[in-house]
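Residues per chain, in single letters:
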Amino acid sequence: MGKLGEWANDQRGYFTLENGESIKVKFISFRTKPSTFDPEKQVVEYKFQLEDGKTKTWDNGSAKTADKFDKVKEGQWVVLSRVGEGTKTEYFVKVLDDNEVPATPEEFAEISG
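Residues numbered from 1 in each chain as written. Predicted model: local features only at pLDDT ≥ 70, side-chain atom pairs only at ≥ 80, totals over all residues. Heavy atoms only, no water.

Let's talk about the overall build of the protein chain
Within the protein chain, the regular secondary structure consists of 3 helices and 5 strands. When the helices and strands of the protein chain are listed from N to C terminus, the series reads α-β-β-β-α-β-β-α. Residues counted as buried form 30% of the 113 residues belonging to the protein chain. Within the protein chain, contacts between residues separated by at least 24 positions form 43% of all contacts whose residues are at least 6 apart in sequence. Surface exposure of the protein chain reaches about 7700 Å², of which carbon and sulfur atoms provide 52%. (Helix = DSSP H or I, 4+ residues; strand = E, 2+ residues; numbered from the N terminus. Buried < 20%, exposed > 50% of the residue type's maximum accessible area, 1.4 Å probe, protein only. Contact = heavy atoms within 4.5 Å. Areas by Shrake-Rupley, 256 points an atom, 1.4 Å probe, with all protein chains shown as cover.)

Encoded structure:
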């Protein structure tokens, strides 16, 4: 992604991933809602905290992706990766161990008491 794409992603309340991209996020919650493209269908709106502390959403209508996130607990950090384009896109979810989790100043304050 180029500098303008990065800027655009930073301005939005949601994020997108391109083929081959990954992002480290904390899973906050999810809800279902009508698809923007086809209101007859439902998509899942996932809510995440980014490493910089910002909260963003990500919409996905894949049952395969929902099955993967069904194993993720709220508050867990994951790496979300995109492989493929168009109808051949697949998302991979890797739950991170505690030692792989970024420590924000707020989280560090909670840990150190």
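Having seen it, we continue.
A short note on the environment of Asn 9
Its place among the elements puts Asn 9 in helix H1 (residues 3-11). Residues Asn 9 and Lys 56, spaced 47 residues apart in sequence, show a C-alpha to C-alpha distance of 9.8 Å.

Concerning the packing of aromatic side chains
The geometry of an aromatic ring pair is captured by the separation of the ring centres together with the interplanar angle, meaning the angle of the planes. Inspection of every chain in the model, using the stated rule, returns 10 aromatic pairs. Ring geometry for Phe 27 against Phe 48: centres 6.1 Å apart, planes inclined by 55°, an arrangement best described as tilted. Here Phe 27 is found in strand E1 (residues 22-34), whereas its partner Phe 48 is found in strand E2 (residues 42-50), with 21 residues between them in sequence. We classify Phe 27 as buried; its relative accessible area is 3%. (Phe/Tyr/Trp six-rings, centres within 6.5 Å; stacked < 30°, edge-to-face > 60°.)

Considerations on the sheet that holds strand E4 (residues 77-83)
Sheets are built from strands paired through backbone hydrogen bonds, the pairs being either parallel or antiparallel. Ordered in space as E3-E2-E1-E4-E5, the 5 strands form an open sheet in which the pairing is antiparallel. Bordering the open sheet on either side are strand E3 (55-60) and strand E5 (90-95), each of which pairs with just one other strand. This sheet shows a mean twist of 40° between the axes of neighbouring strands, independent of strand direction. Summarising the sheet, E2 and E3 pair through 6 bridges and their orientation is antiparallel. By the bridge assignment, Gln 49 is partnered in E3 with Thr 55. (Pairing = 2+ DSSP bridges. Axes fitted to C-alpha atoms, helices over the stretch in contact; angles between N-to-C directions.)

Focus on the confidence of the model for the protein chain
Confidence in the prediction of the protein chain, expressed as mean pLDDT, is 87, and 86% of residues score 70 or more. Of the regions scoring below 50 in pLDDT, residues 107-113 engages in 3 contacts with residues more than four places distant in sequence or in other chains. (pLDDT = per-residue confidence, 0-100.)

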